[in-house]
Amino acid sequence: MSKDISIKDGANLNLKGLASTELQVAKKSSNYALNPDDFFGLIPRMLVKEGDKVSLGQPIFHDKNDESIKIVSPVSGKILEIIRGAKRKILNVVIKKEGDAIVNFKIPSLSSISKDMILELLVESGSLAFIRQRPYNIIARTDRLPKSIFVSTHSTAPYAADYDFILNKRMDEFQNGVDVMSKLIGKPINLSISHNCESDFSNLNNLEVYKIKGVHPSGNESFQINRIDPLNSGEIIWVIKPEDLANIGSFFKTGIFNPKRTVAVSGDCLKSPKYYDTIIGSSISSLVDSKELSNIEDYRFINGDPLSGSKVEYSDFLGFYNNTLSVIKEGNHYRMLGWLPFIYNSVPSLSKTSLSWLIGGQKKVNTNLNGEERAIVVTGEMEKYFPMDIFPMQLIKACMAGDIEKMESLGIYEVIPEDFGLVDFSCTSKIEAQEIVKNGIEIMLKEVG
């Protein structure tokens, strides 16, 4: 039986161009890439060099500080290029797909497998990278098991993927992933679903199901954890994306690392936004046809949703965790008399100086900031869109000051940067709250661990 959770505060951005529930196999990508920046807190140490041949599931790099954190190849092929940036930082490891070599593991039956064996297989196969640990949202560590595991199919971000659609033919793999992870911690997995829909997930075993009611950001796991099983000092919680849990379930059935990724490609500039069946690290060009766009330079490609995703170029690659790829127009034009109220009502706005907040229907969006960064003032705006019992403005200021004690007391362990996506959008100060919180978490990792 499910339990109902109501999360108040927040707002939905109803944007044009949401991917239709139509699944198409993406064009084959000749090159694939792994980006170390997808793994927060990881410092990569390369295990291969340019020209080396690699198999599907073979480790490409591991964390410099923890060799058990391994990132493996999503395809069989050859290391085409290791792209580096300033100070020789690794930006992308590009793999040219060739052959069908696979790293295979022998998997015991679920009835006989031990917790230590599950952890060992997760580590050696690279499937541990699918699991992220709170606090800090880093790849899970295996030295201590979490008090609970959270999976959420309740998606509220703009252009967010529909997990019921993505996994409607993978329920067996999802169930197997649930069974493995619940055996690891010795109790059911916490699953969040939307309150207003009949979900196939609610009929599965070894799950504690919660029906979530609320607008964005109620779909963010941080707010669900806060209501269901709050994170206290010294405690650990693991979070897994639904398709990643199905990939883990697939691995424990076949013994082969599963890099499958179903991506909702959305944007009002696309002729037919839809879902694509592809692989982790595939090229953006295999998902978006340049012929659909008049001029590539006029559009921004985002790995993730428009509020909290990361900017990529058309020549770049899909992120490791992304089920959403957003394509929106660049805000490289000037809005004449943009300061006047009640004129620009086709763009999303949470301010009552625009009729946009009152007029229903879908809105168009671009990257225009509509103003420059300005001083943070006490307006109460942030608190309206942050449904957690902490003070977001004070936490942001503590992060800016690098004050560890204040960050701890104000709840830095309970949040991740993407929780401030709606704060970034709504706040008139135009500050980059997500970047500030990210820097604060990096300080905590370095100084506190």
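Preceding this section is the structure that the text describes.
Thresholds applied
- Residues numbered from 1 in each chain as written.
- Predicted model: local features only at pLDDT ≥ 70, side-chain atom pairs only at ≥ 80, totals over all residues.
- Heavy atoms only, no water.
- Patch = residues over 30% accessible without salt bridge, like charges linked within 9 Å, V, L, I, M, F, W, Y side chains within 5 Å.
- Areas by Shrake-Rupley, 256 points an atom, 1.4 Å probe, with all protein chains shown as cover.
- Salt bridge = Lys/Arg side-chain N within 4 Å of Asp/Glu carboxyl O.
- Lys, Arg positive; Asp, Glu negative; His and termini not counted.
- Charge placed at Lys NZ, Arg CZ, Asp CG, Glu CD.
- Helix = DSSP H or I, 4+ residues; strand = E, 2+ residues; numbered from the N terminus.
- Buried < 20%, exposed > 50% of the residue type's maximum accessible area, 1.4 Å probe, protein only.
- 1 Å grid on protein atoms, 1.4 Å probe; cavity = no way out; pocket = protein on both sides within 12 Å on 5 of 7 lines; lining within 4 Å.
- Points joined across faces, edges and corners; volume = space filled by probe spheres on them.
- Nonpolar A, V, L, I, M, F, W, Y, C, P; charged D, E, K, R; others polar.
- Expected span 1.5 Å × (residues − 1).
- Core = buried A, V, L, I, M, F, W, Y, C linked by side-chain atoms within 4.5 Å.
- Contact = heavy atoms within 4.5 Å.
- Pairing = 2+ DSSP bridges.
- Axes fitted to C-alpha atoms, helices over the stretch in contact; angles between N-to-C directions.
- Phe/Tyr/Trp six-rings, centres within 6.5 Å; stacked < 30°, edge-to-face > 60°.
- Lys NZ or Arg CZ within 6 Å of the ring centre and 35° of its normal.

(A) A negative patch on the surface, seen in detail. A cluster of acidic residues, Glu373, Glu432, Glu435 and Glu442, forms a negative patch at the surface. Note that Glu432 resides in the loop between helix H9 (421-426) and helix H10 (433-447). Using a relative accessible area of 45% as the deciding quantity, one classes Glu432 as partly exposed.

(B) Representation of the layout of surface pockets. Approximately 580 Å³ is the volume found for the second largest pocket. Around the second largest pocket sit 28 residues that line it, and Leu18, Ser155, Thr156, Ala157 and Ala160 are the ones nearest its centre. Split into classes, the residues belonging to the lining of the second largest pocket amount to 14 nonpolar, twelve polar and two charged.

(C) Fine view of unusual backbone geometry. Following Arg134, the chain continues to Pro135 via a peptide bond in cis, the omega torsion being 5 degrees. Residue placement: Pro135 occurs in the loop between strand E10 (131-134) and strand E11 (138-139). The step from His216 to Pro217 runs through a cis peptide bond, and the omega angle for that step is 15 degrees. Along the chain, the position of Pro217 falls in the loop between strand E14 (207-213) and helix H4 (221-228). Backbone geometry at Asn206 places phi at a positive 60 degrees, although glycine is not the residue there. Following the sequence through the fold, Asn206 ends up in the loop between strand E13 (189-194) and E14. When its relative accessible area of 38% is taken as the criterion, Asn206 is described as partly exposed.

(D) Expanded view of helix H3 (residues 171-185). With 15 residues, H3 should cover 21 Å at 1.5 Å per step; its first-to-last C-alpha distance of 21 Å lies within 8% of that length. In terms of burial, H3 is a largely internal element, twelve of the 15 residues being buried. When we look at burial in H3, the residues that qualify are Met171, Phe174, Gln175, Asn176, Gly177, Val178, Asp179, Val180, Met181, Ser182, Leu184 and Ile185. Following H3 by one or two positions, Gly186 has its phi on the positive side, about 75 degrees.

(E) Fine view of the nonpolar core. Counting 68 residues, the largest nonpolar core has Ile60, Phe174, Met181 and Phe252 as the members making the most contacts within it. If you tally residues by element for this core, the top one is H3, at seven residues. Contact partners of Phe252, with chain neighbours within four places excluded, come to Ile107, Ile113, Ile118, Leu121, Leu122, Asn176 and Val180.

(F) Seen up close, the sheet that holds strand E6 (residues 59-63). Taken together, three strands build an open sheet; the order of strands is E4-E6-E7 and the sheet is antiparallel. Here the strands that pair on one side only, and so sit at the sheet edges, are strand E4 (44-46) and strand E7 (66-72). Neighbouring strand axes in the sheet, compared pairwise and without regard to direction, differ in orientation by 35 degrees on average.

(G) Looking closely at the pairing of strand E12 (residues 148-152). Summarising burial for E12: five of the five residues are buried, a large majority. Burial along E12 is two-sided: Ser148, Phe150 and Ser152 facing one way and Ile149 and Val151 facing the other are all buried. Examined bridge by bridge, E12 and strand E15 (residues 237-240) share three bridges and lie parallel to one another. For Ser148, the partnering residue across the bridge sits in E15 and is Ile237. Sheet topology places E12 next to E13; three bridges connect them, and they run parallel. Bridging across to E13, Val151 finds its partner in Leu191.

(H) Just the packing of aromatic side chains, in detail. Using the criterion set out here, one finds 14 aromatic pairs in the structure. Ring plane angle 65 degrees and centroid distance 6.0 Å describe the contact between Tyr136 and Tyr413, whose orientation is recorded as edge-to-face. Placement of the pair is Tyr136 in the loop between E10 and E11 and Tyr413 in the loop between helix H8 (404-409) and H9, with a sequence separation of 277 residues. Exposure class is identical for Tyr136 and Tyr413. Each is buried. Chaining the aromatic ring pairs together yields one cluster made of Phe39, Phe61, Phe130, Phe257, Phe320 and Tyr321. Arg132 extends its terminal NZ or CZ atom over the ring of Tyr321, reaching a point 3.8 Å from the ring centre.

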